[in-house]
Amino acid sequence: MANEFHYEIVEEIGVLSTNAQGWQKELNLVSWNGRPPKFDLRDWAPNHEKMGKGLTLTNEELAELKKILTSM
């Protein structure tokens, strides 16, 4: 049996794209299992009913990513 987990989307920051089935690649601030929220980039089904694999970033990691992208 898979371990259960809980999440709360604390803030919806933005949508990067939407595919033909309505899934959206979103950047959100998400709290996983009651922990402090992290920036989260992943695909979400309409109404956030399902999610795809994603990437979570701390404030520091997001700041580093911003530096890298700005230098491109």
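Given the structure is predicted, the values throughout are model-derived calculations rather than measurements.

Where strand β1 (residues 7-18) meets strand β2 (residues 24-32), 9 bridges bridge the pair, whose relative direction is antiparallel. What sits directly across from E12, in β2, is N28. From the end of β1 to the start of β2, which pair antiparallel, there are 5 residues, and G22 there has a positive phi angle of about 95 degrees. Two strands pair when backbone bridges link them, and β2 and strand β3 (residues 38-44) are joined in this way by 7 bridges, in the antiparallel orientation. Across the sheet, residue Q24 finds its bridge partner in β3, namely W44.

Quick look at the sheet that holds strand β4 (residues 51-57) now. The strand order β1-β2-β3-β4 describes an open sheet built from 4 strands, whose pairing is antiparallel. Among the strands making up the open sheet, the edge pair consists of β1 and β4. For this sheet the average axis-to-axis angle between neighbouring strands, irrespective of direction, equals 25 degrees. In the packing of helix α1 (residues 59-71) onto the sheet, contacts are made with β3 and β4, and the angle to β4 comes to roughly 90 degrees.

Looking now at the UniProt feature "domain: Transcriptional coactivator p15 (PC4) C-terminal" (unreviewed entry) in the protein chain. Following the UniProt record, one finds the feature "domain: Transcriptional coactivator p15 (PC4) C-terminal" (unreviewed entry) at residues 21-68. In the segment residues 21-68, helix accounts for 21% and strand for 48%; the C-alpha atoms at its two ends are 32 Å apart.

Unlike most non-glycine residues, N33 shows phi in positive territory, near 55 degrees. Along the chain, the position of N33 falls in the loop between β2 and β3. Of the residues examined, N33 reaches a relative accessible area of 42% and is grouped as partly exposed. In the Ramachandran plot, H48 falls in the positive-phi region, its phi being about 60 degrees despite a non-glycine side chain.

Cut-offs and rules
- Residues numbered from 1 in each chain as written.
- Predicted model: local features only at pLDDT ≥ 70, side-chain atom pairs only at ≥ 80, totals over all residues.
- Heavy atoms only, no water.
- Pairing = 2+ DSSP bridges.
- Helix = DSSP H or I, 4+ residues; strand = E, 2+ residues; numbered from the N terminus.
- Axes fitted to C-alpha atoms, helices over the stretch in contact; angles between N-to-C directions.
- Contact = heavy atoms within 4.5 Å.
- UniProt positions renumbered as here; feature names shortened; annotations may be inferred.
- Buried < 20%, exposed > 50% of the residue type's maximum accessible area, 1.4 Å probe, protein only.

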